[in-house]
Amino acid sequence: MDSALIPEGAKRCSFPKFAIGIAIVGAVLLWGVYAMFLCWFKGLNQTNMNDYYGFALWIWADLAVIAVGGGAFFTGLLKYIFKVDELKNIINFAVIIGFICYSSALLILAIDIGQPLRGWFIFWHANVHSMLTEVAFCLSCYFAVLTIEFIPNILENRQVNRVPFFHHLAHNMHGVMAIFAATGAFLSFFHQGSLGGVAGVMFGRPFAVREGLLIWPWTFFLFTWSAAAFGPCFTLLVAKITETITGKKLVKDNVVHLLAKISGWMITTYIIAKIIDTIYWATVTIPSLGFKLSHFYTNNSFYGYWILITEVVLCGVVPGALLIIKSTRENPTLRLIAIVLGVIGVCLNRWVMVLQIMAVPVMSFDTWALYIPSWQEIATTILPVAYGIILIAITYRYLPVFPQEQELNSIEPATEAE
Amino acid sequence: MFPFNFEWAWDIAHVVFFGGFWYAIGILGAGMTFCILKAAYDTMKGNGASDH
Amino acid sequence: MKQENNKAHKFGMVIDLDKCTGCGSCMVSCMSENNVPFKEDESNKKDSITWMRVYKITNGKSFPDTEIVYLPRPCQHCGGKGDHGHSPCVSVCPATATDYGYDTGIVSQIYTRCFGCRYCMGACPYHARYFNWWDPKWPEGMENYLSPNVSPRMRGVVEKCSFCYHRYQAARDKAYVDGRDDIEEQEYQTACTTACPAGAIVFGDLNNPAHAVHQIVKPDPHPDPRNKHIVGKSRNPNVFRLLERLGTNPKVYYLSEREWVRKAGDNYLEGEWDEIKNHHGSSSHD
Ligand code: SF4
Ligand code: SF4
């Protein structure tokens with residue numbers, strides 16, 4: 001039915017099967033869209049946020065998708081600037097995931113603000129001293145970069161590419177992609193960082209505040225580093241899921257191993273920095289403000305030391321180690337465990353740096369505040385996931401996303417490991 | 001965002017921040033303009049759809 | 001930024017916690033003065049708007065040693081680290097929708113410019129900022145009681161105590177008409193100050209030695225030698241500020257003769273209080 005659109009030589013499931021799959025996910029998407037309109041028309045009283053939790057699930061979702069979407073800029077940086085050529089086999093996919101993550105982040109932000117129609121004030125009346133301003137500017141610009149990086153892949157669709165203009169456009173864009181990728185890396189450095197800065201500059205919140213370099217608190221650098229470290233984990237994870245669903249091998253093992261190895265070293269160096277940061281914060285920063293470490297992890301029913309240990313050790317040290325040791329990295333199961341732990345770890349870090357900050361009492365007579373999101377918040381947070389699945393399904397079906405797909409799937413037993 | 005916005009000041013913070021911003025926008029804009037114009041030129045020159 | 005610098009005010013407040021009975025008149029007067037909207041059901045305190053909020057604090061001891069203190073908490077109009085005007089909330093607002101008045105020391109909120117990102121709420125450790133989760137609605141006929149001097153706020157923006165800025169504007173206008181350069185102490189008083197039946201709240205210019213607030217607080221003009229971020233520490237041994245150690249530099253001071261009350265104003269490690277409690281600004285060393 002739609003075979004004219006499918007990349008030449010690629011095998012795809014039948015159109016009805018595809019349509020049913022899309023319809024199921026589409027139903028979830030519509031549920032999210034319904035909740036989104038509820039929030040827009042009725043206001044944020046649809047959420048369970050309150051004056052203690054001005055930042056809640058949505059801001060976490062924003063930080064998390066941007067962190068895991070960091071695979072796009074980092075892979076692009078490695079491919080186009082550091083010329084790690086093998087990565088050309090996964091860069092398209094990394095860009096698509098980045099595109100999904102960043103468009104989701106922008107959408108969630110548009111739901112999250114109390115006066116969505118005034119969203120442009122953040123640009124127009126920009127306060128250049130606010131970390132959030134830096135986030136907004138770099139995020140939007142970087143989204144433009146991702147769109148630019150995504151376009152050539154769209155233009156490579158079999159039918160679109162027949163149009164000479166589009167063919168030439170895709171070709172020319174590939175030619176200058178390094179410049180776009182460099183700009184993207186520059187922008188990413190700043191917005192990933194300033195997302196970390198959002199927490200680090202809150203000197204009224206001892207759980208968040210960090211010292212730093214010039215105007216940038218240490219969280220600025222930790223966030224950039226962790227996005228570069230864990231972003232590729234997410235790219236690998238989604239690639240693995242796609243391979244499982246399609247039942248095909250899409251990326252050669254050497255590419256996967258290379259990206260996993262880079263990610264492993266990044267995670268390990270990051271986690272060392274994170275441990276140093278935590279120790280310094282716990283032994284120097286907070287005692288000077290009159291707090292003991294136990295203040296932040298006891299006397300409430302949810303936030304205990306377990307969250308710190310899970311984030312740093314189980315989801316930081318462990319995946320880092322699994323990915324830098326050759327034998328565990330090249331073992332598919334252990335590698336999968338490592339990348340799953342890594343993705344959980346970075347999401348947990350973002351959770352702590354948003355929600356635990358709000359939960360901890362600061363005034364001596366204040367109390368812990370816990371919060372459970374409303375269904376509207378959950379639905380609008382699942383919305384981007386559904387949208388992402390649909391976009392990946394469509395791009396996979398109609399665009400030549402994985403350059404190695406044909407080679408790996410042409411003859412029956414493809415040449416496996418390398 | 002622009003010097004005519006009333007909260008704009010010609011101080012180091014604004015110059016650095018918006019300098020970086022307009023620089024990035026400039027590169028993206030110029031890059032895309034170049035690609036589109038060159039694609040139009042290539043199309044008009046008419047060297048078909050297979051030039052790699 | 002530099003206008004009127006030679007006669008810059010620094011409006012502030014001192015609240016005598018030993019006089020406060022917790023009656024809540026300040027809260028009521030604040031709500032009606034500033035057109036603060038309320039909900040039909042106010043049982044969930046975490047999303048109702050109280051620019052002025054009275055906290056109840058106990059010394060944690062059991063009967064018969066139990067003691068209670070009521071602590072009214074307006075926006076503290078923080079001056080930020082070093083009192084340079086970079087309040088926790090002002091410095092983070094991406095849209096310049098909350099601003100520090102260098103001529104008054106008042107932290108303003110520009111409702112029509114706030115787009116409701118709530119970053120400022122996260123940054124404020126005093127929970128002095130409130131979000132309008134609902135459209136403001138007043139019961140039939142009650143709109144007639146709204147103050148014409150204060151604009152009501154729309155859904156989706158943040159609001160907070162303004163130190164009744166409109167009263168300052170009115171006092172300034174009057175002074176101008178009368179041909180005076182400046183306003184008198186009694187011409188500008190906040191609604192809570194005038195409403196408090198116990199006379200627990202004193203409001204005025206912390207920069208003006210003739211004002212009662214200055215005389216009670218005796219603010220230290222030099223940075224605290226123990227923490228250079230802290231400026232304006234009180235030299236009165238019974239006066240303290242909330243969370244002073246964070247370096248937020250509030251302009252709201254509290255007064256109490258009871259030691260446990262003063263201690264409750266901030267966080268201290270074990271044993272630290274005894275070392276710190278007798279330290280009252282740089283000049284206490286002489
Ligand atoms: S008390 Fe809160 S809202 Fe008021 S100035 Fe300080 S940080 Fe800002
Ligand atoms: S909620 Fe309004 S005042 Fe607060 S930081 Fe956001 S835009 Fe600024």
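For the structure given in this document, a descriptive report is provided here. (Residues numbered from 1 in each chain as written. Chains lettered and ligands numbered in written order. Predicted model: local features only at pLDDT ≥ 70, side-chain atom pairs only at ≥ 80, totals over all residues. Heavy atoms only, no water.)

1. Here's the deal with the packing of helix α2 (residues 57-68) of chain A against helix α9 (residues 218-246) of chain A
Residue and element names in this part refer to chain A.
Alright, step 1. Close contact between α2 and α9 brings their axes to 7 Å; oriented N to C, the two are set at 70 degrees. By the angle between their directions, the pair α2 and α9 is classed as roughly perpendicular. Counted together, Leu63, Ala67 and Val68 of α2 and Phe223, Ala227, Gly231 and Phe234 of α9 form the full contact between these two elements.
Alright, step 2. For the contact of α2 with α9, a count of residues per class yields six nonpolar, one polar and no charged. (Axes fitted to C-alpha atoms, helices over the stretch in contact; angles between N-to-C directions. Helix = DSSP H or I, 4+ residues; strand = E, 2+ residues; numbered from the N terminus. Parallel < 35°, antiparallel > 145°, perpendicular 65-115°, else oblique. Contact = heavy atoms within 4.5 Å. Nonpolar A, V, L, I, M, F, W, Y, C, P; charged D, E, K, R; others polar.)

2. Thoughts on the sheet that holds strand β11 (residues 239-240) of chain C
All names here are of chain C.
Alright, step 1. Spatially, β8-β1-β12-β11 is the arrangement adopted by the four strands of the open sheet, whose pairing is mixed. Single-partner strands in this sheet number two, and they are β8 (201-205) and β11.
Alright, step 2. Direction of pairing for β11 relative to strand β12 (residues 252-255): antiparallel, over a ladder of two bridges. Bridge pairing in β12 places Phe240 opposite Tyr254. (Pairing = 2+ DSSP bridges.)

3. Observations concerning a nonpolar patch on the surface
All names here are of chain A.
Alright, step 1. On the surface, a nonpolar cluster with roughly 710 Å² of combined accessible area is contributed by Val28, Trp31, Tyr34, Trp375, Ile378, Ile382, Val385 and Ile389.
Alright, step 2. The set of elements that each furnish at least two residues to the nonpolar patch consists of α1 (15-42) and α14 (375-398).
Alright, step 3. Looking at the nonpolar patch, the element that brings in the most residues is α14, giving five residues.
Alright, step 4. By the element assignment, Val28 lies in helix α1. (Patch = residues over 30% accessible without salt bridge, like charges linked within 9 Å, V, L, I, M, F, W, Y side chains within 5 Å. Areas by Shrake-Rupley, 256 points an atom, 1.4 Å probe, with all protein chains shown as cover. Salt bridge = Lys/Arg side-chain N within 4 Å of Asp/Glu carboxyl O.)

4. Side note on the site of ligand 1
Alright, step 1. Residues in contact with ligand 1, as listed here, are Cys75(C), Gln76(C), His77(C), Cys78(C), Pro88(C), Cys89(C), Val107(C), Cys124(C), Tyr126(C), Ala128(C), Arg129(C) and Lys160(C).
Alright, step 2. Split into classes, the residues belonging to the shell around ligand 1 amount to eight nonpolar, two polar and two charged. (Near = heavy atom within 4 Å.)

5. Describing the packing of α2(A) against helix α4 (residues 88-112) of chain A
Residue and element names in this part refer to chain A.
Alright, step 1. Two numbers describe how α2 lies on α4: the axes approach to 9 Å, and their chain directions differ by 165 degrees. Taken together, the axis directions place α2 and α4 in an arrangement best described as roughly antiparallel. Helix-helix and strand crossings are classified by hand; for α2 and α4 the assignment is left-handed. Residue-level inspection shows Trp58, Ile59, Ala61, Asp62, Val65, Ile66 and Val68 of α2 in contact with α4, the latter providing Cys101, Tyr102, Ala105, Ile108, Leu109, Ile111 and Asp112. (Left-handed = near helix turned anticlockwise from the far one by under 90°.)

6. Regarding the side chain of His77(C)
Alright, step 1. Relative to the helices and strands, His77(C) is located in the loop between β3 (68-73) and α2 (88-92).
Alright, step 2. Residues contacting His77(C), with those up to four places away along its chain left out, are Gly105(C), Ile106(C), Val107(C), Lys160(C), Cys161(C), Ser162(C), Phe163(C), Asn249(C), Pro250(C) and Lys251(C).

7. So, the interface of chain A and chain C
Alright, step 1. The interface is formed by 49 residues belonging to chain A together with 58 residues belonging to chain C.
Alright, step 2. Roughly 4400 Å² of surface becomes buried between chain A and chain C when both sides are summed, with 59% attributable to carbon and sulfur atoms.
Alright, step 3. Contact with chain C buries surface across chain A, with Asp51(A), Phe203(A) and Phe365(A) losing the most and accounting together for 20% of the total.
Alright, step 4. Between Asp112(A) and Arg118(C) there is a salt bridge, with its nearest N and O atoms 2.8 Å apart.
Alright, step 5. Counting across the chain A and chain C interface gives 26 residue pairs in polar contact (both at pLDDT 80 or more).
Alright, step 6. Contributing elements (two or more residues each) for the side of chain A that touches chain C: α1, α5 (121-124), α6 (131-155), α8 (177-200) and α10 (253-288) of chain A.
Alright, step 7. Residue composition of the side of chain A that touches chain C, grouped by class: 25 nonpolar, 17 polar and seven charged. (Buried area = accessible area lost by both parts, 1.4 Å probe. Polar contact = N/O pair within 3.5 Å; in protein donor to acceptor, adjacent residues only side chain to side chain.)

8. Considering the pairing of strand β10 (residues 227-231) of chain C
Alright, step 1. In this sheet, β10(C) lies alongside strand β9 (residues 223-224) of chain C in antiparallel orientation, the contact comprising two bridges. Opposite Pro223(C), over in β10(C), you have Val231(C) as the bridge partner.

9. Focus on the packing of aromatic side chains
Alright, step 1. Applying the stated criterion to the full structure yields 61 aromatic pairs over all chains.
Alright, step 2. Centroid distance Phe2(B) to Phe4(B): 5.1 Å. Interplanar angle 10 degrees. Geometry classified as stacked.
Alright, step 3. Since its relative accessible area comes to 24%, Phe2(B) is described here as partly exposed.
Alright, step 4. Of note, Arg350(A) hangs over the ring of Phe223(A), and the distance from its end group to the ring centre comes to 3.8 Å.
Alright, step 5. A cation over an aromatic ring shows up here: Arg53(C) above the ring of Tyr55(C), its NZ or CZ 4.4 Å from the ring centre. (Phe/Tyr/Trp six-rings, centres within 6.5 Å; stacked < 30°, edge-to-face > 60°. Buried < 20%, exposed > 50% of the residue type's maximum accessible area, 1.4 Å probe, protein only. Lys NZ or Arg CZ within 6 Å of the ring centre and 35° of its normal.)

10. Looking at the site of ligand 2
Alright, step 1. Surveying the vicinity of ligand 2 reveals the residues Cys93(C), Pro94(C), Ala97(C), Gln109(C), Cys114(C), Phe115(C), Gly116(C), Cys117(C), Arg118(C), Cys120(C) and Val158(C).
Alright, step 2. Of the residues assigned to the shell around ligand 2, the class counts are eight nonpolar, two polar and one charged.

11. Considering the side chain of Gln192(A)
All names here are of chain A.
Alright, step 1. Tracing the sequence through the fold places Gln192 in helix α8.
Alright, step 2. A polar atom in the side chain of Gln192 sits 3.0 Å from the backbone oxygen of Ile66.
Alright, step 3. The contacts of Gln192, once residues within four sequence positions are left out, are Ile66, Ala67, Gly70, Phe73, Tyr102, Phe223, Thr224 and Ala227.

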